[in-house]
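Residue-level structure breakdown
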Amino acid sequence: MGIIRSLSQLLLVCCLILPAVAAAQVDDSEAQQLLTALAESSFKEKKDVVNRIASSGDERARPWLEAYGDNKLARIESSGEFVIVLKNRGRDWTVESAITGDNLGEISRRDIDTIRVNNALRNELEGILSVIDLKSPDEENRLTAARALKGSVDDTLAERLPEFIAAEESDAVQAALTEALAIYRVEEQGDVSAVATLSGSLNSEARAALQQAQNSDDPALAAAAAKAMESIEQKLKMNRAAETLYFGLSLGSVLVLAAIGLAITFGVMGVINMAHGELIMLGAYTTWGMQQLLPGQPGLALILSIPAGFLVAALAGIAIERTVIQHLKGRPLETLLATFGVSLILQQLVRTVISPLNRTVITPDWMSGSVMINEGLSLTLNRMYVIGFALVVFAGLMLIMRKTRLGLEVRAVTQNRAMARSMGIKATKVDILTFGLGSGVAGLAGVALSQITNVGPNLGQSYIIDSFMVVVFGGVGNLWGTLLAGLSLGTINQLLEPWAGAVLAKILVLVLIILFIQKRPRGLFPQKGRAAEG
Amino acid sequence: MTIKKHVKLGLSALALSVSLHTVAAEDPIKVGILHSLSGTMAISESTLKDTMLMLIEKQNEEGGINGRMLEPVVVDPASNWPLFAEKARELLAKEKVDVIFGNWTSVSRKSVLPVVEELNGLLFYPVQYEGEESSENVFYTGAAPNQQAIPAVDYLMNDIGVERWVLAGTDYVYPRTTNKILETYLKDKGVAAEDIMINYTPFGHSNWQSIVSDIKKFGSAGKKTAVVSTINGDANVPFYRELGNQGIDAADIPVVAFSVGEQELSGIDTGPLVGHLAAWNYFMSVDNDANYDFIDAWVGYTGNEEAVTNDPMEAHYIGFNMYVEAVKKAGTTDVDAVKDAIIGVSVPNLTGGYATMMPNHHITKPVLIGEIQDNGQFSVVWETASTVAGDAWSDFLPGSKDLISDWRKPLFCGNFNVVSGTCGGKSDVASN
């Protein structure tokens, strides 16, 4: 796709003229003229004006174009002065003069006319900036720029590319540029020798070029392209498999996180807590609250939210246990109804006290974006953190249940309450702590979920059914079962989704579980021995 | 906190109407507000309730209508579709309201429809919907598909050069009908079946990984691809987040959304979404004094500097002003008189033009396409040359292409078949 049609002149301008005459300035009236032209022309004409600005050689050109691409280049209606908007929220915007660079303070939004930009122009701007960036001293910048060039090389650039490649020090950038050039050669010139370079490439532009070459009239080219495609398809298949596995694991880890708290309260204590989802929600809102307390430090706030979310949810859970659940011991149906009521109360409480609207939880920089494994496969970072977090929480919980006094007492009380009490264990205290622990873990799930889904009053509802499903499937009372059930349900769901669609995949998973429960009513890992008779 | 404020405001509005009661000899005009204040839809609908209260308060400050004050009657249908019908009945039969402003989802409208028709009420419905309906008692101030979806697709096809289409939606009536219309429309325009991918997801879907990856794969076939999204409400946030994380740039695969407005964007970091599109009939960023006044009034009313306005709010603004004009014109709040008087009424919209109530109870609207900016606002990149009149019955569905709606006498029919020359009778015969 010819993203940068007019790259020809641009390249010459940016690579030859710009460095030589970097200090060249257009005078202020000329600058005003250029920007006026940009403001007043139609989208089609704007393209030419952008190119004229880029080729003006003025050192302000780059900030102008960058601001323009970000929708931050504007004109003051009353004075006709051009400004770069620094802050564009609220009713008064902070601006600085585009020509002199003076800070003009806050100006009412009514008086500011933003110069309109659209995707096509933004593309053009990106192209211009990436050609400039090929000369950047920073290797990262050069690499991004070189990758952006794939599929958008034109005749003039192609002539100059070998020079760039020869001068390039970094192997990665060199390879990217070589590939960009090869794509051009295959696509535009039908060059058989360039096909070899593309063989095994996972870039979608390279694939498009080869696909086109496959249908070419030149049999040698078509055959070479077909062979190259074959190797690509092979790699793609592997990629797809790896990707699906990752998606499955990540969905699974979300399920595990949401369910593991329930595995304690429901699985170990036998309390059907319908407000479990709302405890998750409280954890998510704690993250939001933390970010409000520490503005500008979303990462630190997120880390602090981990203990805070645990505490808030644990305290809320203990409050529920003390006020409602302890009075309904041994009456599961009433517990179910009462906790369902609690869940509605909590939801509406959040709605009236905070807001019915979703809250923005900022994802810290180190958690957004993805890790590129190869050009066809990148793994999203936030999901990766969630997988890790789920495993850590699971391990922590296992440790508590297996290695601590509390864990021992919990197991004792749940296996035989009367016996445990006669051994001197305070059953009530254990109840409180267990419920608090399960609720706290739900809070932790909320902290993690705030990074991948909406933080709003309905957050909990979407996870409560899934959580019960995982716990029942895994075998009530078994933490390992919960882990395995969560991960396998996630993976099955993601395997089904591509061909069955999201709605049907969900239904199929549900049917699968029902069938499984028919066969093995106690789940994957049924409890054995006396505890099973509970 | 907000509730308290609203109670206070409501009380002051009441106090105002009471104190002026002696001046205005007549009873107040009762305005029913039927929007969910709790449950899943509260996120969208509670803002509309506040909008109505603000509009009523302002109208009362200006002396009401024909010397009569307005009195809001707020009920909470709690996002529960059957409860909508009950609450509508309560408003009409018990509270005896003169007009109702309300509903968001199509299913809630369908639930209220028989009640409003039975008790001969007036309902102003402010949200874009799938069309295929025209009721004597309902005024549709949101967009019909020809005022939103079709122009958006035209824009993508003609201005962006899109050749491959992903129609992604939430699995319920509005996306399904809209996508059916779009699919027929695209095929009429010569798009091959293999260049259209249709995908439905459940309400509140949050795990978009494999769908986004499918879209990415679908879009890497060498043809320019776009996603037309009728994904509703909350599910948009994780969808856009996943798009950003998987590196789908608006320049590669633009997403044009019909249900994402300023309010939905206020819940996300819009940095990675810059350039994705939305089609509406109003954007908060529209450069127009009437709009700025409305925003100032809204910010003043909510007391929140960051408060945003959106398309359904404008629809209520238009609908309310139309009602006011119609009552003035008719000189009474009698439902039948207002119904007749309102057809042809023109009031200013917030984008610098006028909205007119058409005989089919839909209004004229400009169509705007906006690109998301990093401040959560839209920058308008395209708009129709003039306003477009809403079409109740789509020309692209086999069951409805011959139907027209005209609530003027002598035709007075919501689904007149121009081929057979008969009136279908009930308000929504076409299956939807």
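Above this text sits the structure in question.
Residues numbered from 1 in each chain as written. Chains lettered and ligands numbered in written order. Predicted model: local features only at pLDDT ≥ 70, side-chain atom pairs only at ≥ 80, totals over all residues.

Right, let's talk about the pairing of strand 17 (residues 403-406) of chain B for a bit. A regular strand places its side chains so that they alternate between the two faces of the sheet. All names here are of chain B. Because side chains alternate across strand 17, one face comprises the buried residues Leu403 and Ser405, and the other comprises Ile404 and Asp406, none of which is buried. As defined by bridge partners, strand 17 adjoins strand 18 (residues 413-417) across three bridges and the pair is classed as antiparallel. By the bridge assignment, Ile404 is partnered in strand 18 with Phe416. In this structure, the hairpin formed by strand 17 and strand 18 is closed by a connection of six residues, where Phe412 is found at a positive phi of approximately 45°. (Buried ≥ 20, exposed ≤ 12 C-beta atoms within 10 Å, placed from the backbone. Helix = DSSP H or I, 4+ residues; strand = E, 2+ residues; numbered from the N terminus. Pairing = 2+ DSSP bridges.)

Moving on to the nonpolar core. Generally speaking, soluble globular proteins have nonpolar side chains that are buried together. One finds Ile280 of chain A together with Val256 of chain B to be the most contacted residues of the largest nonpolar core, which totals 205 residues. Per-element tally for this core: the top contributor is helix 11 (residues 219-268) of chain A, with 16 residues. Dropping the residues within four chain positions of it, Val256 of chain B is found in contact with Ala152, Leu156, Ala226, Val228, Ser229, Leu277, Ala278 and Ala279 of chain B. Counting 59 residues, the second largest nonpolar core, distinct from the first, contains Ile84, Ile107, Val131 and Leu149 of chain A. (Core = buried A, V, L, I, M, F, W, Y, C linked by C-beta atoms within 7 Å. Contact = placed C-beta atoms within 7 Å.)

Attention now goes to the sheet that holds strand 7 (residues 196-201) of chain B. All names here are of chain B. Pairing within the open sheet is mixed, and its seven strands lie in the order 7-6-8-9-10-14-15. One side of each edge strand has no neighbouring strand; the edge strands of this open sheet are strand 7 and strand 15 (378-383). In this sheet, neighbouring strand axes are inclined to one another by 25° on average, regardless of whether the strands run parallel or antiparallel. Sheet topology places strand 10 (residues 277-280) next to strand 14 (residues 368-372); four bridges connect them, and they run antiparallel. Of the residues in strand 14, the one forming a bridge with Trp280 is Leu368. (Axes fitted to C-alpha atoms, helices over the stretch in contact; angles between N-to-C directions.)

Looking now at the environment of Ala93 of chain B. All names here are of chain B. With respect to the helices and strands, the residue Ala93 is situated in helix 3 (residues 81-94). Taking the number of C-beta atoms within 10 Å as the measure of exposure, Ala93 has 13 and is therefore partly exposed. Taking the C-alpha atoms as reference, Ala93 lies 51 Å from Asp159; in sequence the two are 66 residues apart.

The figure often quoted for interface size is the accessible area lost as the parts come together. Of the residues lining the interface, 46 residues belong to chain B; the matching set on chain A comes to 52 residues. Elements with a contribution of two residues or more to the side of chain B that touches chain A: helix 2 (42-61), strand 7, helix 7 (209-218), helix 8 (236-245) and strand 15 of chain B. Considering each element in turn, the side of chain B that touches chain A owes the most residues, five residues, to helix 7 of chain B. Each residue belonging to the side of chain B that touches chain A can be placed in one class, and the counts come to 15 nonpolar, 22 polar and nine charged. (Nonpolar A, V, L, I, M, F, W, Y, C, P; charged D, E, K, R; others polar.)

Right, let's talk about the environment of Ile325 of chain A for a bit. Residues and elements named next belong to chain A. Mapped onto the elements, Ile325 comes out in the loop between helix 13 (298-323) and helix 14 (332-353). On the neighbour-count criterion, Ile325 (23 C-beta atoms within 10 Å) is buried. Separated by 52 residues in the primary sequence, Ile325 and Asn273 have C-alpha atoms spaced 8.7 Å apart. Not counting the four nearest positions on each side in its chain, Ile325 is found in contact with Val271, Ile320 and Thr335.

This paragraph deals with the sheet that holds strand 3 (residues 92-97) of chain A. All names here are of chain A. Strand order in the open sheet made by the five strands is 4-3-2-1-5, with antiparallel pairing throughout. Of all the strands in the sheet, just strand 4 (103-108) and strand 5 (112-114) have a single pairing partner and so form its edges. Adjacent strand axes in the sheet meet at a mean angle of 45°, parallel and antiparallel pairs treated alike.

Here we take up helix 4 (residues 61-69) of chain A. In an α-helix, one full turn covers 3.6 residues, which means residues spaced three or four apart are oriented alike. Residue and element names in this part refer to chain A. Here helix 4 has its buried residues at Ala61, Trp64, Leu65, Ala67, Tyr68 and Gly69. Of the surrounding secondary structure, the elements contacted by the buried residues of helix 4 are helix 3 (43-55), strand 1 (73-76), strand 2 (82-87) and helix 5 (119-133). Following helix 4 by one or two positions, Asn71 adopts a phi angle in the positive range, close to 65°.

So, on to the packing of helix 13 of chain A against helix 18 (residues 427-449) of chain A. Residues and elements named next belong to chain A. At a closest axis distance of 6 Å, the pairing of helix 13 and helix 18 adopts a crossing angle of 135°. Looking at the two axes, helix 13 sits oblique to helix 18. Here helix 13 and helix 18 pass one another in a crossing that is right-handed. Taking contact as the criterion, the partners of Ser305, Ile306, Gly309, Phe310, Val312, Ala313, Ala314, Ala316, Gly317, Ile318 and Glu321 in helix 13 are, on helix 18, Asp431, Ile432, Phe435, Gly436, Gly438, Ser439, Gly440, Ala442, Gly443, Leu444, Gly446 and Val447. Considered class by class, the residues forming the contact of helix 13 with helix 18 number twelve nonpolar, nine polar and two charged. (Parallel < 35°, antiparallel > 145°, perpendicular 65-115°, else oblique. Left-handed = near helix turned anticlockwise from the far one by under 90°.)

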